[in-house]
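Residue strings, one per chain:
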Amino acid sequence: MSEPVPETFLAQEHFLEAEKDAPLLNMDKGFLKSQGGQMYKLTASWAGLLGVHGTPDPVADVPEGELGVEIERIIEKDVERTFVQPTSRAKLQRVLRCLAKKFGAYAQAMSYVCGFFMLTHDDATAAAMMSALNADTKYLGTDLPAGYWSTEAVAF
């Protein structure tokens, strides 16, 4: 898969220009643009390595307020700290809200990890990759339990 996947951020014609000031891309220094479609080739195996095969379930919409005021607030702030464009933020926020409901928890690191996955993977695949990371301790290190994404910082 060396051609861009249509629903990914990098496949959007002016994404890198529009998001040049996005915190997630702050250290990019032109690398993503210089790689072009090669980024898809470099990242194509990631989903499979995480055990995500076939077509993942679509990202489900979570009704406003269902996650609770505090989680909604944290997700909104994290999305603002990840991307600058309203369309990018809305797309990431939708995925993060779905994941927060599925995991029963949310942590700030989720916005950066998921946002990075969404650069070269569609929403559903990025969500499935996040679920794989959350479900298996081999991706979290030996001291971190499955279900690591949590709103409360513990063991620091």
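Remember, predicted model here, so these are calculated numbers, not experimental data.

Moving on: the nonpolar core. Core analysis: the biggest nonpolar cluster contains 40 residues, and Ile75, Leu96, Leu99, Tyr106 and Cys114 have the highest contact counts within it. Contact partners of Leu96, with chain neighbours within four places excluded, come to Ile75, Val79, Tyr106, Met110, Ser111 and Cys114.

Here the distance between the centres and the angle between the planes together describe a pair of aromatic rings. Enumeration over the complete set of coordinates arrives at five aromatic pairs. Between the aromatic rings of Phe9 and Phe15, the centroid separation amounts to 5.1 Å while the plane-to-plane angle is 5°, which identifies the pairing as stacked. There is no split in this pair, since Phe9 and Phe15 are both buried. Judged by relative accessible area, which is 1%, Phe9 ranks as buried.

The next subject is the pattern of salt bridges. Enumeration over the complete set of coordinates arrives at eight salt bridges. Residue Glu80 is joined to Lys77 by a salt bridge in which the shortest nitrogen-to-oxygen separation is 3.9 Å. Of the two residues, Glu80 and Lys77 are both situated in helix α5 (residues 69-82); the distance of three residues between them amounts to about one turn of the helix. We classify Lys77 as partly exposed; its relative accessible area is 36%.

Cut-off values and rules
- Residues numbered from 1 in each chain as written.
- Predicted model: local features only at pLDDT ≥ 70, side-chain atom pairs only at ≥ 80, totals over all residues.
- Heavy atoms only, no water.
- Core = buried A, V, L, I, M, F, W, Y, C linked by side-chain atoms within 4.5 Å.
- Buried < 20%, exposed > 50% of the residue type's maximum accessible area, 1.4 Å probe, protein only.
- Contact = heavy atoms within 4.5 Å.
- Phe/Tyr/Trp six-rings, centres within 6.5 Å; stacked < 30°, edge-to-face > 60°.
- Salt bridge = Lys/Arg side-chain N within 4 Å of Asp/Glu carboxyl O.
- Helix = DSSP H or I, 4+ residues; strand = E, 2+ residues; numbered from the N terminus.

Keep in mind that these numbers describe shape and distance, not what the molecule does.
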